[in-house]
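Read off the chains here:
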Amino acid sequence: MDNTRKRALGAAGAGALAVVVALGIASSAGAAASTLHAAAAEQGRYFGTAVAAYKLSDSVYTGILDREFGMVTPENEMKWDATEPSQGSFSYGSADQIVNRALSHNQRMRGHALAWHQQQPGWAQSLSGTALRNAMVNHITNVATHYKGKIYAWDVVNEAFDDGGSGARRDSNLQRTGNDWIEVAFRTARAADPDAKLCYNDYNTDGQNAKSNGVYAMVQDFKARGVPIDCVGFQSHFNSASPVPSDYQANLQRFANLGVDVQITELDIEGSGTTQADNYRRVVQACLAVTRCTGITVWGIRDSDSWRASGTPLLFDGNGNKKPAYTSTLTALGGGNPTSTPPSSPPVSSSSSSQPPIPSDGCTATVARVDQWQGGFVVTVRVTAGANGTNGWAVTLPLPSGATVTNAWNTNRSGSVFSNVSYNGRIAAGQFTEFGFQGTGTAGTLTPSCSAS
Ligand code: G3I
């Protein structure tokens with residue numbers, strides 16, 4: 001981020017009873033998941049955060065990370081200066097630490113960032129022309145290959161447009177290698193990791209303005225010419241000098257209409273109390289209103305973790321307590337209290353017009369497929385207690401042949417049986433809890449059966 005931008009931001013016991021419910025894709029409007037990621041997943045979205053490797057020994061930090069977030073972006077560890085400190089010599093220690101931890105904690109990864117005019121190693125800063133272009137291509141190939149199959153989406157190119165009113169490219173050493181450097185970066189990333197979504201990411205593009213118009217024209221051109229671009233990231237760093245634009249949703253929608261996913265990639269909003277909470281709510285509502293807005297990432301966990309901590313822009317205070325902004329975000333995502341009462345109108349599935357009544361005993365399980373992509377899927381499963389409540393539960397959920405579970409959350413899994421973990425076995429009568437899992441292959445129609453103890 002340049003100095004102009006920095007200044008702008010600175011201003012601112014019952015017997016077991018099995019009940020079988022077969023569902024395909026369910027929309028679960030009105031669901032009341034108890035964490036950001038679970039609530040977002042019910043809406044078919046992810047909820048993520050930026051993570052710094054050196055904080056992973058802080059148990060308060062990791063406690064919130066693992067409870068609330070399903071997507072992880074390394075804050076600095078994948079940048080060019082970190083991953084290739086000497087030309088041709090790659091250093092993946094800190095980034096690997098974040099990636100391996102995330103994948104083993106049922107979290108997916110956003111990669112950030114392959115090509116950027118900032119945070120380049122000194123050797124790259126001193127290159128130009130063909131030497132720099134070749135170095136960029138070699139860098140992208142090595143990093144994207146190293147993480148092949150582990151990255152949901154890459155920020156392939158970051159912050160390449162100018163902040164002035166021209167809508168033009170930003171001057172940089174990369175830009176001076178030729179205007180085609182961005183498409184070369186995208187083609188190189190696609191060749192290295194064909195399954196990762198490839199994003200262009202920028203700031204001050206959150207509303208319609210000259211800069212976002214410039215990005216829009218580029219994406220439109222890329223789509224017309226078959227340059228591989230799958231998504232556009234809107235960083236969404238907001239404060240009083242750079243507030244949430246009134247046309248935020250409309251701007252997300254016009255990009256989505258080009259045939260790309262849109263993602264909110266670095267959200268933080270300076271402020272406090274109800275004003276800040278209201279702004280977070282607006283951002284979440286805007287994303288949910290745009291079908292191709294696939295997820296939201298906040299740029300850090302606690303205020304004290306933020307790159308601009310004095311603006312207290314995040315969802316947790318310095319002690320890790322939930323702020324009003326957390327509550328408004330969770331509520332906007334359709335979540336709420338972990339033991340909240342199910343919605344008066346039951347969730348509706350696309351393959352069944354209503355859910356079965358709450359059983360007189362035992363439990364029911366319903367499945368919502370919240371994401372499906374080539375080769376993988378994410379589902380959530382809601383376990384609703386019958387009239388006697390539960391002390392524990394187990395859901396048997398056979399997967400179609402060829403599908404396998406890669407990770408699961410809020411549950412213990414043994415084969416096709418998913419059982420409660422320590423904190424969600426007890427469900428009061430008529431209330432519910434939720435777990436989820438990610439898998440490879442195709443989810444197809446899933447038919448769960450639930451037993452309670
Ligand atoms: O690691 C060194 C440490 O050894 C040294 O003692 C310390 C002294 O300042 O610096 C540490 O490095 C800092 C690094 O963050 C890790 O904390 C760098 O100076 C500092 O420049 C770097 O700032 C990062 C910034 O990008 C760099 O441009 C922020 O953490 C990071 O949040 C920020 O993230 C960017 C996104 O990548 C792109 N969009 C804008 C966003 C906010 O600027």
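All figures in this text were calculated on a predicted structure; none of them were measured in a lab.

### Brief notes about the overall build of the protein
Across its full length, the protein holds 12 helices and 20 strands. The burial tally for the protein puts 57% of its 453 residues in the buried class. Approximately 16,600 Å² of the protein is accessible, and the part contributed by carbon and sulfur atoms is 49%.

### Some words on the pairing of strand β10 (residues 261-269)
Counting buried positions along β10 yields nine of nine residues, so the element is predominantly enclosed. When strand β8 (residues 231-234) meets β10, the two strands line up parallel, connected through four bridges. Looking at the pairing, C231 lines up with D261 of β10. In terms of strand pairing, strand β9 (residues 237-238) meets β10 through two bridges, oriented parallel. Bridging across to β10, F238 finds its partner in I269. Traced from β9 through helix α10 (residues 248-256) to β10, the parallel crossover comes out right-handed. Looking at chain direction, β10 and strand β11 (residues 293-298) are connected through four bridges and run parallel. When the bridges of β11 are listed, I264 appears paired with I296.

### Some remarks on the confidence of the model for the protein
The pLDDT averaged across the protein works out to 88; a share of 87% of its residues lies at or above 70. The low-confidence segment residues 2-31, where pLDDT is below 50, has 93 contacts with residues more than four positions distant or belonging to other chains. Long-range and interchain partners of residues 338-356, a stretch whose pLDDT sits below 50, account for 34 contacts in this model, where long-range means more than four residues apart.

### With respect to the packing of helix α8 (residues 181-192) against helix α9 (residues 210-225)
For the pair α8 and α9, the least separation of the axes is 12 Å and the interaxial angle reads 55 degrees. The angle between the axes of α8 and α9 places the two elements in the oblique class. Where α8 crosses over α9, the handedness of that crossing is right-handed. For the pair α8 and α9, the contacting residues are I182, E183, F186 and R187 in the first and M218, F222 and R225 in the second.

Definitions and limits used
Residues numbered from 1 in each chain as written. Predicted model: local features only at pLDDT ≥ 70, side-chain atom pairs only at ≥ 80, totals over all residues. Heavy atoms only, no water. Helix = DSSP H or I, 4+ residues; strand = E, 2+ residues; numbered from the N terminus. Buried < 20%, exposed > 50% of the residue type's maximum accessible area, 1.4 Å probe, protein only. Areas by Shrake-Rupley, 256 points an atom, 1.4 Å probe, with all protein chains shown as cover. Pairing = 2+ DSSP bridges. Right-handed = clockwise from strand over helix to strand, strands pointing away. pLDDT = per-residue confidence, 0-100. Contact = heavy atoms within 4.5 Å. Axes fitted to C-alpha atoms, helices over the stretch in contact; angles between N-to-C directions. Parallel < 35°, antiparallel > 145°, perpendicular 65-115°, else oblique. Left-handed = near helix turned anticlockwise from the far one by under 90°.

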